[in-house]
Amino acid sequence: MGISSYALLLLLALTHDTNKHVSYAFAPSARLYPSSSSSLTHSTSIPLHAQNNNDNDGDRIRKVGCGTPTKPPGGMSLFDPDTQGKLQGTGDLQRRIKNGSSYLPPRPSADVASYSRPTDAPVHDCQNWLEDIGVPTNFAKPGSPAEGVILASGRIISDDAPGDIQHVVMQLPEGMHYVEGQSISVIPPGIDPKTSRPFAPRLYSIASTRYGDLLDGNTVSFCIRRAEFYDPATGLPDPTKKGVCSNFLCDAAPGTKVAIAGPVGKTMLLPDDDTKDIIMIGTGTGIAPFRAFLHRLFMENTVKRHMFQANAWLILGVPVTGGLLYHDEFAAMQKMAPEGAFKIDYAISREMTNARGGKLYVQNVIEENATEFFEKLEKGAQVYFCGLKGMMPPILDTLEEVARKKGIDWGVFLKQLKANHQWHVEVY
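Residues numbered from 1 in each chain as written. Predicted model: local features only at pLDDT ≥ 70, side-chain atom pairs only at ≥ 80, totals over all residues. Heavy atoms only, no water.

A. Representation of the overall build of the protein within the structure. Scanning the protein for helices and strands turns up 12 helices and 16 strands. Taken across its 428 residues, the protein has 42% of its residues classed as buried. Restricting to contacts in the protein with at least 6 residues of sequence separation, those with at least 24 account for 67%. Accessible surface, the protein: about 24100 Å² in total, of which carbon and sulfur atoms supply 54%. (Helix = DSSP H or I, 4+ residues; strand = E, 2+ residues; numbered from the N terminus. Buried < 20%, exposed > 50% of the residue type's maximum accessible area, 1.4 Å probe, protein only. Contact = heavy atoms within 4.5 Å. Areas by Shrake-Rupley, 256 points an atom, 1.4 Å probe, with all protein chains shown as cover.)

Right, dumping it as structure tokens:
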């Protein structure tokens, strides 16, 4: 009750007969109401002759309550933070108040939490020291490259397969790391005769997981096609038109030092959501990032592998059976993966035919599995494309035609896939 309330009370007392008793109820809002019909929190009868004594008005009004709480302070009888607040019955309120910002919660007792594993739980060694590195970029730049060292290389297609494709393993400098789906630049030695300057860097998709093929976290692998031009008159390679960087890497002996830059790239990364299906469509050496994906999901003992709860679908296009890249590795993965979790469809163009009798390409596999393909995308599957840039136009034409037959506006659907980060393309 404010001071103006006290003055009003005194005025009312002086204007009434001193032989009468007037009953009033006092509320915190400092308004006065006759108590006969009042249901306010506190009411008392005040004999007016009592106002003639020497008591201070404020003291006298406080004695009768005047609508203010009369519970004693400090007893927490109105509200107990320990039981009604968020202290969860710990009984630790006083220590929290005393210690202030230096307060530390008590350690859980043995009967509350146990940190020992059950005796019958299986335990596996796992790789974990590179699980929380984020997405590393530009450990070195082309203008100031780092130095890698060739450890090994070898042809990975049969003699009857066209061209030459090699798997190259390189040691990285200390502290240089990458994640699956990224790329590294290689700067070949020498001077470009066309520009009289050092050769420009060539970007290669990484074909290994962050731990590398040696599982030491210090190596990287590439799948490299030797770029050659065959003279139509002689049928032989023309050495004057060979690819500088690819030939350098394919011919490099173990111990050869290589100028490298990167890693770069965020387009082809695996999703964080381990419940989303993954569709991988590649041609030739476009298999590189998908080999890294599949080793991570089905081969290595990592948390990522054990947490992956979805399915992976690989569609790989090659000209002949002898050109199937990493075929034995993928066959082993299918045996190790949970049943039905890893599906492979090969499109061997010179040996297999599509439903119309023509050569079988990756777009034909998509068309023949259109229902499954679109259902996965509609449920949030991530789709990845990697290979020569010429692969994309026929794939897009096929998807548009399939969508039209399903009554789907392909332009709108594709825009939505990109907005949802479900569409990943890396072509060269």
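B. Layout of helix α10 (residues 370-378). Listed as buried for α10 are Ala 370, Phe 373, Phe 374, Lys 376 and Leu 377. Along α10, the residues classed as buried sweep out an arc of 155° about the axis, all on the same side. In this fold, the buried residues of α10 make contact with β12 (278-283), β13 (312-318), α9 (362-368), β15 (382-387), α11 (392-405) and α12 (410-419). Remark: Gly 380 follows α10 within two positions and exhibits a positive phi of approximately 100°. (Arc of directions from axis to C-beta.)

C. Here's a closer look at the pattern of salt bridges. According to the stated counting rule, one finds 15 salt bridges in the structure shown. Notably, a salt bridge pairs Arg 155 with Asp 159, separated by 3.9 Å at the nearest N-O pair. Connected via shared salt-bridge partners are Arg 155, Asp 159, Asp 164, Arg 226 and Asp 251. (Salt bridge = Lys/Arg side-chain N within 4 Å of Asp/Glu carboxyl O.)

D. Representation of the sheet that holds β15 within the structure. What the five strands build is an open sheet, ordered β14-β13-β12-β15-β16; its pairing is parallel. Since the sheet does not close on itself, it has two edges, and those belong to β14 (342-348) and β16 (423-427), each with one partner. Across the sheet, the axes of successive neighbouring strands diverge by a mean angle of 10°, strand direction being ignored. Each of β12, β13, β14 and β15 is contacted by α10, which is oriented at about 125° to β12, the strand it contacts most. (Pairing = 2+ DSSP bridges. Axes fitted to C-alpha atoms, helices over the stretch in contact; angles between N-to-C directions.)

E. Examining the packing of α10 against α12 more closely. Running from N to C, α10 and α12 point in directions that differ by 50°, and their axes come no closer than 11 Å. In terms of axis orientation, α10 runs oblique to α12. Contacts between α10 and α12 involve Phe 374, Leu 377 and Glu 378 on the former and, on the latter, Trp 410, Phe 413 and Leu 417. The class makeup of the residues in the contact of α10 with α12 is five nonpolar, no polar and one charged. (Parallel < 35°, antiparallel > 145°, perpendicular 65-115°, else oblique. Nonpolar A, V, L, I, M, F, W, Y, C, P; charged D, E, K, R; others polar.)

F. Fine view of the confidence of the model for the protein. Scored by pLDDT, the protein comes out at a mean of 82, with 75% of its residues at no less than 70. Ignoring residues within four places in sequence, the model shows residues 1-54, a span with pLDDT below 50, making 66 contacts including any to other chains. (pLDDT = per-residue confidence, 0-100.)

G. Fine view of the side chain of Arg 296. Along the chain, the position of Arg 296 falls in helix α6 (residues 288-298). Classification of Arg 296 by relative accessible area gives buried; the value is 4%. Within the structure, the side chain of Arg 296 is placed 2.8 Å from the side chain of Glu 131, a separation counted as a polar contact. Dropping the residues within four chain positions of it, Arg 296 is found in contact with Glu 131, Glu 180, Thr 209, Arg 210, Tyr 211, Leu 270, Thr 302, Lys 304 and Arg 305. (Polar contact = N/O pair within 3.5 Å; in protein donor to acceptor, adjacent residues only side chain to side chain.)

H. Layout of unusual backbone geometry. Pro 263 follows Gly 262 through a cis peptide bond whose omega is 0°. In this fold, Pro 263 is placed in strand β11 (residues 257-264). In this structure, Ser 196 takes a positive phi of about 60° despite not being glycine. You can call Ser 196 exposed: its relative accessible area is 60%. Even without glycine at this site, Leu 215 takes up a positive phi of about 60°. As for its position among the elements, Leu 215 is in the loop between β9 (202-205) and β10 (219-225).

I. The arrangement of the packing of aromatic side chains in detail. Under the definition given, this model contains 15 aromatic pairs. Ring geometry for Phe 385 and Trp 423: centres 4.8 Å apart, planes at 50°, overall tilted. Here Trp 423 lies in strand β16 and Phe 385 lies in strand β15, a separation of 38 residues in the sequence. For the pair Phe 385 and Trp 423, a shared accessibility class is recorded, and that class is buried. Aromatic rings pair up to connect Trp 313, Phe 373, Phe 374, Phe 385, Trp 410, Phe 413 and Trp 423 into one cluster. One cation-aromatic arrangement involves Lys 343 over Trp 313; the distance from NZ or CZ to the ring centre is 4.2 Å. (Phe/Tyr/Trp six-rings, centres within 6.5 Å; stacked < 30°, edge-to-face > 60°. Lys NZ or Arg CZ within 6 Å of the ring centre and 35° of its normal.)

J. Structural view of the sheet that holds β10. Strands sit in the order β9-β6-β11-β4-β5-β10 across an open sheet of six strands; the sheet is antiparallel. Looking along the sheet, the strands with just one partner apiece sit at the ends: β9 and β10. If you compare each strand with its neighbour and ignore which way they point, the axes differ by 40° on average. Sheet analysis places strand β4 (residues 146-155) next to strand β5 (residues 165-171), joined by six bridges and oriented antiparallel. Across the sheet, the residue bridging to Ser 153 is Val 168, located in β5. Contacts between helix α5 (residues 244-251) and the sheet are confined to β4, β5, β6 (183-187), β9, β10 and β11, with β9 contributing the most and set at about 55° to the helix.

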